Amino acid sequence: MPVPVPDTELIIQLQQGSEAAFRALVEGYQGRVYRVVLALLRSPEEAEDVAQEVFIEVYQTIARFRGEAALSTWLYRLAVSHALKNRQRARTKKRFALLTSLLGARNEVLHHPPDFQHPLAQLEGQEELQRLVEAIARLPDQQQVAFTLRHEQELSYQEIADVLQTTVPAVESLLFRARQTLRKHLQPHPSYVR
Amino acid sequence: MSANAPDFGPDFGPDDELDALLRQLRAQPAPAPRPFFYARVRARLDALETPNAPQPAPAALPWLLRRPAYALMLGILVLGLNIGAAVRYGRPRPAASVVAAPRHDAFVTEYQLDPFTVPLPLE
């Protein structure tokens, strides 16, 4: 949904503590933030939780925002950073799941999450799409982020470079390598083709 | 498309299976957060801003009893150390064997020399 007021005005209102501006920001960007996080985390519950954290951080730090980057770039950057941190935490937790469930402070029991099917690829007969989504999920972090921003959010190379705080050639390289890797993953395995 | 064809990215490359799949993926309805997302963000912010968040009641049991896994591990560790010590020191020692005296001492004894005047062997 497009933001009804220009970003610069929205930022000024947010910095003045306007509740209406914060609401407009959340409602204007929640879909984009949620989709980026979901693409990286592949769990709707975690994605929503992380998307909320992103907006909470925006609310708490908007006073320090100096407008050096576009508001959307800043939001994407926060979303990517929170999602990657969350994923790293989840991987560490999973690695020590047994120990943590035995020795955890809250005596919590950790379960392995079930295999997640991306909402975009849940329709029947879309195994190829599901394979693609799984292959994207196996890409290295930076490649995955660049690929997601390019192909799911349809950001330009320059916008992706701004989000990742890198250069356009670096983004091109990331995308090139990502596509090469995906091609390999999507090709039928030679041993299965008879 | 041939697998060996050069790939210059989605904006330059030929239309291949990957691009077709990506188009198919983009054509699906975009996922969205559940309704009332803003209300949930606001509620979390309010909870963060409330200074008197309810604290968990202090547990009456001693710390170790509230962590049975730690207590069990500590018990196993102490037991293991004790068993180790028992095996190590409880083994019957071999009778003190007559250890051959060093050659220097034997020489001093045999010739009844004053051990303080005989120089020590160089090592």
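(A) Region of the structure containing the overall build of chain B. Across its full length, chain B holds five helices and zero strands. When the helices and strands of chain B are placed in sequence order, the string is α-α-α-α-α. Of all 123 residues assigned to chain B, the portion counted as buried reaches 5%.

(B) Spotlight on unusual backbone geometry. Residue and element names in this part refer to chain A. Here the phi dihedral of R42 falls at roughly 65°; this positive angle occurs in a residue that is not glycine. Mapped onto the elements, R42 comes out in the loop between α2 (19-41) and α3 (44-61). Its 20 C-beta neighbours within 10 Å are what place R42 among the buried residues. Look at E154: it is not a glycine, yet its phi comes out positive at around 55°. On the secondary structure map, E154 appears in the loop between α7 (141-151) and α8 (157-164). E154 gets classed as exposed once you count the C-beta atoms within 10 Å, which come to 9.

(C) Structural detail: the packing of α2 of chain A against helix α4 (residues 71-95) of chain A. All names here are of chain A. Their axes nearest at 9 Å, the elements α2 and α4 cross at an angle of 30°. In this view, α2 runs roughly parallel relative to α4, as classed from their interaxial angle. Read as a crossing pair, α2 and α4 show a hand that is right-handed. Here α2 contributes Y29, V33, V36, V37, L40 and L41 to the contact with α4, which in turn contributes L75, Y76, A79, V80, A83, L84, N86 and R87. Across the contact of α2 with α4, the residue classes break down as 12 nonpolar, one polar and one charged.

(D) Layout of the nonpolar core. Residues and elements named next belong to chain A. Counting 54 residues, the largest nonpolar core has V33, V37, V54, L75, A79 and A146 as its most contacted members. Sort the elements by how many residues they give to this core and α2 lands first, with 12 residues. The residues touching A79, leaving out its near neighbours within four places in the chain, are V33, V36, V37 and V54.

(E) Here's a closer look at the environment of Y76 of chain A. Residues and elements named next belong to chain A. In this fold, Y76 is placed in helix α4. Of the residues examined, Y76 has 26 C-beta atoms within 10 Å and is grouped as buried. Counting along the chain gives 87 residues from Y76 to V163, while the straight-line C-alpha distance between them is 6.4 Å. Among all residues touching Y76, those that are not within four sequence positions of it are V36, L149 and V163.

(F) How the structure looks around the interface of chain A and chain B. On the chain B side, the residues contacting the 31 residues of chain A number 23 residues. Elements supplying a minimum of two residues to the side of chain A that touches chain B: α2, α3, α5 (97-103), α6 (127-137) and α9 (168-186) of chain A. Looking at the side of chain A that touches chain B residue by residue, the classes come out as 17 nonpolar, six polar and eight charged.

(G) Seen up close, α9 of chain A. Between its terminal C-alpha atoms α9 of chain A stretches 27 Å, which fits the 27 Å expected from 19 residues at 1.5 Å a residue. Taken as a whole, α9 of chain A has its buried residues at V171, L174, L175, A178, R179 and L182 of chain A. Along the long axis of α9 of chain A, the arc covered by the buried residues comes to 130°, so they all point the same way. Of the residues in α9 of chain A, the exposed ones pointing more than 90 degrees away from the buried face are P169, Q180 and K184 of chain A. In this structure, the buried side of α9 of chain A is in contact with α6, α7 and α8 of chain A together with α1 (17-27) of chain B.

(H) Structural detail: the environment of D141 of chain A. By secondary structure assignment, the location of D141 of chain A is in helix α7. Residues D141 of chain A and V80 of chain A, spaced 61 residues apart in sequence, show a C-alpha to C-alpha distance of 9.8 Å.

(I) Quick look at the confidence of the model for chain A. Per-residue confidence for chain A gives a mean pLDDT of 83; residues scoring 70 or more make up 79%. No element of chain A has a lower mean pLDDT than α5 of chain A, at 66, and none a higher one than α8 of chain A, at 95.

(J) View of α6 of chain A. Burial in α6 of chain A covers these residues: L129, L132, V133 and I136 of chain A. The buried residues of α6 of chain A occupy one face: seen down the axis, they fall within an arc of 95°. Buried-residue contacts for α6 of chain A involve α7 and α9 of chain A together with α1 of chain B.

Rules behind the numbers
- Residues numbered from 1 in each chain as written.
- Chains lettered and ligands numbered in written order.
- Predicted model: local features only at pLDDT ≥ 70, side-chain atom pairs only at ≥ 80, totals over all residues.
- Helix = DSSP H or I, 4+ residues; strand = E, 2+ residues; numbered from the N terminus.
- Buried ≥ 20, exposed ≤ 12 C-beta atoms within 10 Å, placed from the backbone.
- Axes fitted to C-alpha atoms, helices over the stretch in contact; angles between N-to-C directions.
- Parallel < 35°, antiparallel > 145°, perpendicular 65-115°, else oblique.
- Left-handed = near helix turned anticlockwise from the far one by under 90°.
- Contact = placed C-beta atoms within 7 Å.
- Nonpolar A, V, L, I, M, F, W, Y, C, P; charged D, E, K, R; others polar.
- Core = buried A, V, L, I, M, F, W, Y, C linked by C-beta atoms within 7 Å.
- Expected span 1.5 Å × (residues − 1).
- Arc of directions from axis to C-beta.
- pLDDT = per-residue confidence, 0-100.

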